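Chain by chain, the residues run as shown.
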Protein chains: 2
Amino acid sequence: MPETVREFDPLKEEIMDATYRALVTHGYGDLTVQSIADEFDKSKSLLYYHYEDKEDLLAEFLEYALQRFRRDVEIEVDEPEAQLHTLVDRLVPADLEEDSYQVQIALLELRSEAPHNERVREQYTRVDRSLQDVIVGILRRGIDEGVFVDVNPEAEAEILVSLLFGIRTRRLTTDEELSVADTRDALEMHLDRLKADGGN
Amino acid sequence: MPETVREFDPLKEEIMDATYRALVTHGYGDLTVQSIADEFDKSKSLLYYHYEDKEDLLAEFLEYALQRFRRDVEIEVDEPEAQLHTLVDRLVPADLEEDSYQVQIALLELRSEAPHNERVREQYTRVDRSLQDVIVGILRRGIDEGVFVDVNPEAEAEILVSLLFGIRTRRLTTDEELSVADTRDALEMHLDRLKADGGN
């Protein structure tokens, strides 16, 4: 399952870091290529040369975040059960630091553009599919190794993608935004059902 | 659990119907009190008298939709299992008609305002809590009556609220927006786990 470890182009990493910082500072609504350039130490023209508009940069940012996420979950962690927990912790961390919180809000705003914007819709379709693939891979291996019960991996993954996205979004859009302790307990309970030893 | 049947004020129903039609036509971004007034057959001044701005009208609209939803699920349907299915069908219908699709998009855009807008955040906190209460009530009764297995109603409800909201949103924001057949099958599988007869 794990592909070869991807090395990220250092220049691209710098551009993506600048995009991250610009999202923290400006959110999605006020983001411009200029605001990203302002966070970028190297030649600004380089950035303008590679990316036409902020949508271009955000498409790249999502893709980059997705690759890093897959590397962290699929390559850096080995056991299926630990992979599943790493995945959950990455998507719904117990504590959400201010910077991550701001970026999650910006990404939610980007996602809410999807119904009107085909390009954003395509990106999120790819993100969701990729996340689903990761989960299916983890579940299949866990079932083969006998650590998960014999569930339908595709259907369970479908449920988990929606569930994790739902929790992430509810955290940002309700007053309980910074306390997801109950939800994480409920999620634990949900994941325990998948485990061959019933979570014990 | 079910409260007394609420009768809705006919004038309010007309205003809410006008709000619905205006949301279908204009979406959230272009919605104004005027665009709602344009869909309203009675005196426009009446509408301006009662509602200060579109946020006022949308708060009322959400509350009204919630009350109707509770009436349809808790009062019009009797058995816990049927209540759960009605609830799922209302939130994630197999087929999404164009008008409902447009309104769901508008509500997603409203919800994505929540991180920046306390009033919207409070509304959605109330919506989520109310939905959670409905589900807890259904599960408790189903467990008492032996039709559901002995789960933790609060934790299951927490999972279901996030899951249903996640599915709704993914449907609107990915290319598979109009085909949720697989997701509904997966949801069926998830609900079957709650049933005392294993869904058979």
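Since the structure is predicted, the reported quantities are computational estimates derived from the model, not experimental observations.

Caption draft 1: Structural detail: the UniProt feature "domain: HTH tetR-type" (unreviewed entry) in chain A. With numbering matched to this structure, UniProt assigns "domain: HTH tetR-type" (unreviewed entry) to residues 9-69 of chain A. In residues 9-69 of chain A, the share of helix is 75% and the share of strand is 0%. The end C-alpha atoms are 16 Å apart.

Caption draft 2: Representation of the interface of chain A and chain B in the model. Every contact between the two is made by 40 residues of chain A and, on the other side, 40 residues of chain B. Roughly 3500 Å² of surface becomes buried between chain A and chain B when both sides are summed, with 59% attributable to carbon and sulfur atoms. The three residues of chain A that bury the most area against chain B are A:Ile159, A:Arg170 and A:Thr173, which together make up 17% of that side's buried surface. Between the two partners, chain A and chain B, sit eight salt bridges. Residue B:Glu158 is joined to A:Arg170 by a salt bridge in which the shortest nitrogen-to-oxygen separation is 3.4 Å. The tally of links from chain A across to chain B stands at 19 residue pairs in polar contact (both at pLDDT 80 or more). Put simply, the parts of the chain that give the side of chain A that touches chain B at least two residues each are helix H6 (98-112), helix H7 (118-144), helix H8 (153-173) and helix H9 (181-192) of chain A. Counting residues per element, the side of chain A that touches chain B draws most heavily on H8(A), at 14 residues. When its residues are assigned to classes, the side of chain A that touches chain B shows 15 nonpolar, 12 polar and 13 charged.

Caption draft 3: Geometry of empty space enclosed by the protein. Residues and elements named next belong to chain A. This model, assessed by the stated rule, comprises one cavity of 30 Å³ or more. Estimates place the volume of the largest cavity at around 40 Å³. Forming the boundary of the largest cavity are Ala-59, Leu-62, Glu-63, Leu-66, Gln-123, Arg-126 and Val-127. Among the elements of the structure, helix H4 (54-75) and H7 are those that each provide at least two residues to the lining of the largest cavity. Looking at which element gives the most residues to the lining of the largest cavity, the answer is H4, with four residues.

Caption draft 4: Fine view of the relation of the copies chain A and chain B. For the match of chain A to chain B, the screw axis carries a shift of 0.0 Å, the RMSD comes to 0.0 Å, and the turn is 180°. What the rotation and shift describe, once combined, is the action of a two-fold rotation axis. The fraction of interface residues of chain A whose copies in chain B are also interface residues reaches 100%, indicating that both copies meet through the same surface.

Conventions we followed
Residues numbered from 1 in each chain as written. Chains lettered and ligands numbered in written order. Predicted model: local features only at pLDDT ≥ 70, side-chain atom pairs only at ≥ 80, totals over all residues. Heavy atoms only, no water. UniProt positions renumbered as here; feature names shortened; annotations may be inferred. Helix = DSSP H or I, 4+ residues; strand = E, 2+ residues; numbered from the N terminus. Contact = heavy atoms within 4.5 Å. Buried area = accessible area lost by both parts, 1.4 Å probe. Salt bridge = Lys/Arg side-chain N within 4 Å of Asp/Glu carboxyl O. Polar contact = N/O pair within 3.5 Å; in protein donor to acceptor, adjacent residues only side chain to side chain. Nonpolar A, V, L, I, M, F, W, Y, C, P; charged D, E, K, R; others polar. 1 Å grid on protein atoms, 1.4 Å probe; cavity = no way out; pocket = protein on both sides within 12 Å on 5 of 7 lines; lining within 4 Å. Points joined across faces, edges and corners; volume = space filled by probe spheres on them. Least-squares fit on C-alpha atoms with pLDDT ≥ 70 in both.

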